[in-house]
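Listed below are the residues making up each chain.
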Amino acid sequence: MQQTLTRSLTLLAAIAALTGCAGMTQNQKNAAIGAAIGGVAGSVLTGGDTLGTIGGAAVGGVIGNGGIK
């Protein structure tokens, strides 16, 4: 149940982020895509752990935005 909920929320967040990209800058689009991919990767790598999903999304968002400068 927990794993299904985590995956569903990750998918919902990815869809919401990608549908709202029309008025975003390129950095914002890259951050949203990076967060979605990172969230999915974090979920897969940690077996659906919520903290792993959130951590993956955070790291993916930072990398997608161009990293730490």
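Residues numbered from 1 in each chain as written. Predicted model: local features only at pLDDT ≥ 70, side-chain atom pairs only at ≥ 80, totals over all residues. Heavy atoms only, no water.

1. A few points about the overall build of the protein chain
The following threshold applies: Only DSSP runs of H or I covering at least 4 residues are called helices, and only runs of E covering at least 2 are called strands; the numbering of each starts at the N terminus. A 1.4 Å probe rolled over the protein chains alone gives each residue an accessible area, and that area as a share of the maximum for its type sets the label: buried under 20%, exposed over 50%, partly exposed in between. Contacts are assigned to residue pairs that have any heavy atoms within 4.5 Å of one another. Note on areas: Shrake-Rupley with a 1.4 Å probe; residue coverage comes only from the protein chains shown.
A tally of helices and strands in the protein chain yields three helices and zero strands. When the helices and strands of the protein chain are listed from N to C terminus, the series reads α-α-α. Looking at the protein chain as a whole, 26% of its 69 residues qualify as buried. A fraction of 51% describes how many contacts in the protein chain between residues 6 or more apart in sequence connect residues 24 or more apart. Here the protein chain has roughly 4500 Å² of accessible surface; of this, 71% comes from carbon and sulfur atoms.

2. Considerations on the side chain of T53
Note that T53 resides in helix α3 (residues 50-64). Take T53: its relative accessible area is 8%, and that puts it in the buried class. What T53 contacts, discounting residues up to four positions off in sequence, is T6, T10, G39, G42, S43 and T46.

3. What about the packing of helix α2 (residues 26-45) against α3?
Just so we agree on the cut-off: All axes are obtained by fitting lines to C-alpha atoms, using only the stretch in contact for helices, and the reported angles, taken between N-to-C directions, cover 0 to 180 degrees. An angle below 35 degrees is read as roughly parallel, one above 145 as roughly antiparallel, one from 65 to 115 as roughly perpendicular, and any other as oblique. Crossing handedness: left-handed means the near helix sits turned counterclockwise from the far one by under a right angle, and right-handed means the same turn made clockwise.
α3 packs onto α2 with a crossing angle of 150° between their chain directions and a minimal axis gap of 6 Å. The orientation of α2 with respect to α3, classified from their angle, is roughly antiparallel. Viewed along their axes, α2 and α3 form a crossing whose handedness is right-handed. From α2, N27, N30, A31, G34, A35, G38, G39, G42 and S43 reach across to α3, where they touch G52, T53, G56, A57, G60, G61 and G64.

4. Structural notes on the confidence of the model for the protein chain
We count it as follows: Each residue carries a pLDDT score, the predictor's own confidence in it, on a scale running from 0 to 100.
Here the protein chain averages 83 in pLDDT, and 90% of its residues register 70 or above. Of all secondary-structure elements in the protein chain, the lowest mean pLDDT belongs to helix α1 (residues 2-19), at 75, while α3 reaches the highest, 91.

5. Comments concerning a nonpolar patch on the surface
Stated formally: Surface patches are drawn from residues lacking salt bridges whose relative accessible area is over 30%; two like charges belong together within 9 Å, two nonpolar side chains (Val, Leu, Ile, Met, Phe, Trp, Tyr) within 5 Å. Any carboxyl oxygen of Asp or Glu that lies within 4 Å of a side-chain nitrogen of Lys or Arg is treated as forming a salt bridge with it.
There is a patch of nonpolar side chains on the surface, built from L5, L9 and L12 and spanning about 300 Å² of accessible area. Tracing the backbone through its elements, the reader meets L9 in helix α1.

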